[in-house]
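Observations on chain architecture
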Amino acid sequence: MRKFLFILSLFFCFLTSAQTKVSGVVVDEFGDPIAFANVLYQNSTEGTITNENGRFYLESEDNYRVLVVSFIGYETKEIELVSNVNYDMNITLVEAAQQLGEVVVYTGKQSKKNNPAIDILKKIWAKKRENGVRKFKSYQYDKYEKVEFDLNTIDSALIKSRMFKGLEFMFEGLDTSRITGKTYLPMFLNEVFSKVYGNNTLALEKEDVLGNKSSGFGGNQAITAFVEDLYSDYDVYNNYLKFFDKSFTSPLSKTGVDVYNYVLSDSTFIDNKWCYNIIYYPRRKNELTFKGDFWVNDTTFAIKKIDMQVVKSANINWVKEIYIEQDFEVVNDSVFLLKRDYMLTDFAFSKKEKSRGVYGKRTTVYDNYQFNMDRPEDFYKAESDPYDPRVFAKDSVFWENARLERLNEDEAGIFQLLDTLKTVPKFKTYYDIVSILGSGYVEIDKWNLDIGDIYSTFGFNDAEGIRLRGGARTYFGQNDTWRMEGYMAYGFDDRKFKHGLSGKFLLDRKSRLILSGGNRRDIEQLGISLTSTTDVLGRSIASSALVTVGNNNRLSNINLSVLALELEPWKNLRFRLGSSFRTLSSALPNDFSLDYVDPDSPTGISSEVKQFDLNTTLIYTPGRRTIGYGVERRDVNENYSTLVLNYTRGTEGFLESDFTYDRLQFSYTQPWQLGGFGRLLSTVELGKTFGEVPLGLLSVIPGNQTLFSLYNTFPNLDFYEFVTDTYATVHLEHNFNGRIFSRIPLLRKLNLREIVGIRGAWGSISDENIALSSPTNIPLLAPDKEPYWEYSFGVGNIFKIFRIDFNFRGNYLDAPDARPFGVTGTFGFSF
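None of these values were measured; they are calculated from a predicted model.

Right, let's talk about helix 8 (residues 425-439) for a bit. Between its first and last C-alpha atoms helix 8 spans 21 Å; for 15 residues at 1.5 Å apiece the expected length is 21 Å, and the two agree. For helix 8, the complete set of buried residues consists of Phe427, Tyr430, Val434 and Ser435. The arc that holds every buried residue of helix 8, seen down its axis, measures 130 degrees, which confines them to one face. Just downstream of helix 8, Gly440 is the residue with a positive phi angle, here 85 degrees.

In structure tokens form, the structure reads like this:
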């Protein structure tokens, strides 16, 4: 994310100009700003709404000479425009005198009763299922999507800064945004042309990508994945619109009357259809809402045009503006289809008016609609390959015909600019620095090697003391069909070297048949997960935490070798067949013993476990979207469920393996987007081990002795406090996204977010397994009397990056050294 936003700040544009530009502020007679006032050009439907500070900017390709400003309860004012460009206008509205009895004057919050705007809104709700492509059995259309990123608010101080010394040519031409009036510099452009086919009867839809072209850093899949997740499709008729993992209340929502004020403002003909204009603005601040207006047909009550702008007080980080326009085409008297969708987002560290940021703009144009085409079900289920090299190799003739909206001058100039920038040493240096910070790897192109991950270089634990680690990976490109990766580490207290080495090979791209294997010899905290690790490179934060609650001395030496074959025969359904051989022993045997009864040992006790396992795993992730086709892919979204079913067979005797057992495990993680009430994340885990196994192979209820908030762990449990062979756990965490705090005056402006959580675990351990591990020096306890549970209250978005959780233990308070209360926290960047 950081890499993406910084890189996007280094590009170029040519000067273009609109015919009429106006900006300014609207105030009342006392000089107070008037929020949500209506500003439009006379005798047109081109207009905007003032923001919370009364400010506005409006731009048009046409020439206009009169600006009309109005707001409920004030007299409408017409201002003559003396030139094509009129900036910093100060417009004063006078409070309206009472009119005749039959005229109703609306002021402030609007009534929900006897409001003609809400009467129209109810008819929109009744008709919405009949609008657009929903009215037909099947459909198809052409889709052209253009995504652009620009650096904005460029002034002479930035151009003359040391950072851009030698790069001044980038700023030879600047344009102003027609939405915000700020100067901007285009830097990245991606175009996609596709055909969409759908069948409403079968509830199936597919999109065949025919062309994909990028300038700038389009080859960077991290950027592309971010863009695809950021600009996912939405429907203004839905009750909630999801942007940045948050649910904004749609102005057409059935719950909108509790969130917005609606005013019937105007009516006129648009494309020979009589339409009503309704203005809307939020009833309260700091909620996830819009301001704007929409035009609706008087007979079909289908939306003809809608403008939406997120209010600045909305509880969202790193985003100063979100502006959306949608235009609909009249097919006949009863059918309106989406014609054009435009979205602008202003990413910035501050919401102050003059702060610099990055514009993200998406324009989607739809055309050539066809309906009721007869096609078999297999046609809709057949998927095209969006990564076919031919898709990325389309010539200029193809794009001349495919662009449903032509590139303007500055967009076309991006291609030439990037070719020039790639030859400038200073620009390449900037790119390298940000690439390292973003990926954690130092790229050595001539060797096709990356050095890193730099963020794992330093660590500390009770067994190793200070720990240093260095690693590397092969890297020919983002879609490598094979990749090798490894690391070396050294602990200054135990004076031992550790290592990890892994390899992955994509054998078949279509079925995603992957062969993987590796070996790791290291020190690990195994009591933080219910699932035995088979990752030869991964390492939990609990293994290297600088500060912990109590002693973090229950660490294990692990020598792990794995070999696996993975297959994805159907989208998002993966099968994994693997084997592993591990050797386990305590890293600090005086403090934490893994000893168990072993009749074959001369002493009758063994301190080391050797175990060979066969694993069969099924992973289903419905709704997951990925990008790339190499051996490693990137996730585009995070709001998908994950179901995992795992069977493990331990085999005694093979490679001197010690135990025979069977283990069955299931987990289900589901995010729930609950509209305006926030987001709930839930996880259920079940497992049972059949057979006798020692402590090192039992299922440990995940504790957390670090000061970090780690989901799917119990922050008031010590490592190995509860050990089981049969278990069931549940984790529920709900983020209200500030819904409660936004209604508390003293907290409203802080944009804090409230998080609540509840966790529970039940488990048991057989007498045979207790007896087998009786030589250990830690108690073997399980939460079998009653389910163990915890609850927590958290405050997030502190200074936009910090979250603190207050954790309470619900029971088992009489256990030795039980922690009834704890505080954990985490840092992170989120919208």
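Below, the discussion takes up the side chain of Asn769. Relative to the assigned elements, Asn769 resides in helix 10 (residues 767-772). Side chain to side chain, Asn769 and Ser766 meet in a polar contact 3.2 Å long. Leaving out residues up to four positions away in the same chain, Asn769 has contacts with Gly691, Glu692, Val693, Leu698 and Asp725.

Attention now moves to unusual backbone geometry. Residue Asp453 is bonded to the preceding Gly452 through a cis peptide linkage, with omega at 5 degrees. Locating Asp453 in the fold gives a position in the loop between strand 22 (449-452) and strand 23 (458-461). At Phe36, a position not held by glycine, the phi torsion is positive, near 65 degrees. Positionally, Phe36 belongs in the loop between strand 1 (20-27) and strand 2 (38-41). The residue Asn751 is not glycine, and still its phi comes out positive at about 55 degrees. Counting through the fold element by element, Asn751 comes out in the loop between helix 9 (745-748) and strand 41 (753-764). Taking relative accessible area as the criterion, Asn751 reaches 18% and is therefore assigned buried.

As enumerated under the stated definition, the model contains 39 aromatic pairs in all. Each ring, one from Tyr234 and one from Phe243, has its centre 5.1 Å from the other, and the planes form 75 degrees; the classification is edge-to-face. Measuring from ring centre to ring centre gives 5.3 Å for Phe379 and Tyr380, while their planes differ by 85 degrees; the resulting arrangement is edge-to-face. We note Lys800 situated over the ring of Trp318; from NZ or CZ to the ring centre the distance is 5.2 Å.

For the rest of this paragraph, the subject is the nonpolar core. Judged by nonpolar contacts, the single largest core of 101 residues is most densely connected at Leu67, Ile124, Tyr262, Phe290 and Phe294. Judged by nonpolar contacts, the second largest core, of 28 residues, contains Ala489, Val536, Leu698 and Leu772.

Attention now goes to helix 2 (residues 116-127). In a regular helix each residue adds 1.5 Å, so 12 residues correspond to 16 Å; helix 2 covers 17 Å between its end C-alpha atoms and thus fits that length. Listing the buried residues of helix 2 in full gives Ala117, Ile118, Ile120, Leu121, Ile124 and Trp125. Within helix 2, the buried residues cover an arc of 155 degrees as seen down the axis, which keeps them to one side. Considering only its buried residues, helix 2 is in contact with strand 14 (260-270), strand 15 (273-282), strand 16 (290-297) and strand 17 (303-310). With a side-chain oxygen lying 3.0 Å from the backbone nitrogen of Ala117, the N-terminal cap of helix 2 falls on Asn115.

The three strands are arranged 4-1-7 in an open sheet whose pairing can be described as mixed. What marks the edges here is a single partner per strand, and that holds for strand 4 (55-60) and strand 7 (85-92). Neighbour to neighbour, the strand axes of the sheet diverge by 20 degrees on average, direction disregarded.

Bridging between strand 14 and strand 15 involves 10 bridges; their strand directions are antiparallel. What sits directly across from Tyr262, in strand 15, is Tyr280. Between strand 14 and strand 15, which follow one another and run antiparallel, lie two residues, and Asp271 among them has a positive phi close to 55 degrees.

Note: strand 24 (residues 465-474) against strand 25 (residues 482-491), seven bridges, orientation antiparallel. Bridge pairing links Arg467 to Gly491 in strand 25. Of the strand pairs in this sheet, strand 25 and strand 26 (residues 496-508) are connected by 10 bridges, and their pairing is antiparallel. From the neighbouring strand, Met484 faces strand 26, where its bridge partner is Gly503. Following strand 25, the chain reverses through four residues before pairing antiparallel with strand 26; Arg495 in that reversal takes a positive phi of roughly 55 degrees.

For the chain, mean pLDDT is 85; residues scoring 70 or higher make up 92% of the total. At the low end of the mean pLDDT range in the chain sits helix 1 (residues 2-7), at 38; at the high end sits strand 40 (residues 726-735), at 97. A low-confidence stretch, residues 1-18 stays under pLDDT 50, and its non-local contacts, those more than four residues away or across chains, total 79 contacts. The low-confidence segment residues 98-107, where pLDDT is below 50, has 10 contacts with residues more than four positions distant or belonging to other chains.

The tally for this structure, following the rule as stated, stands at 37 salt bridges. A salt bridge links Asp235 to Arg134; the nearest nitrogen and oxygen atoms lie 2.1 Å apart. A residue pair is termed long-range when its members are at least 10 positions apart, and Asp235 in the loop between helix 4 (221-230) and strand 12 (240-243) and Arg134 in the loop between helix 2 and strand 8 (138-152) qualify at 101 residues. On the basis of relative accessible area, Arg134 is assigned to the partly exposed category, the value being 32%. Its salt-bridge partner being Asp480, residue Arg483 comes within 2.9 Å of it at the nearest N-O pair. Like Arg483, the residue Asp480 is buried in the burial classification. Among the charged side chains, a network of salt bridges with common partners joins Glu464, Arg467, Asp494, Lys498 and Asp522.

A word on the environment of Thr651. Along the chain, the position of Thr651 falls in strand 35 (residues 642-651). Under the relative-accessibility criterion, Thr651 is labelled partly exposed at 26%. For the pair Thr651 and Thr534, spaced 117 residues apart in sequence, the C-alpha to C-alpha distance is 17 Å. In contact with Thr651, other than residues within four places in its own chain, are Gln611, Phe612, Ser657, Phe659 and Thr660.

Rules and cut-offs
- Residues numbered from 1 in each chain as written.
- Predicted model: local features only at pLDDT ≥ 70, side-chain atom pairs only at ≥ 80, totals over all residues.
- Heavy atoms only, no water.
- Helix = DSSP H or I, 4+ residues; strand = E, 2+ residues; numbered from the N terminus.
- Expected span 1.5 Å × (residues − 1).
- Buried < 20%, exposed > 50% of the residue type's maximum accessible area, 1.4 Å probe, protein only.
- Arc of directions from axis to C-beta.
- Polar contact = N/O pair within 3.5 Å; in protein donor to acceptor, adjacent residues only side chain to side chain.
- Contact = heavy atoms within 4.5 Å.
- Phe/Tyr/Trp six-rings, centres within 6.5 Å; stacked < 30°, edge-to-face > 60°.
- Lys NZ or Arg CZ within 6 Å of the ring centre and 35° of its normal.
- Core = buried A, V, L, I, M, F, W, Y, C linked by side-chain atoms within 4.5 Å.
- Pairing = 2+ DSSP bridges.
- Axes fitted to C-alpha atoms, helices over the stretch in contact; angles between N-to-C directions.
- pLDDT = per-residue confidence, 0-100.
- Salt bridge = Lys/Arg side-chain N within 4 Å of Asp/Glu carboxyl O.

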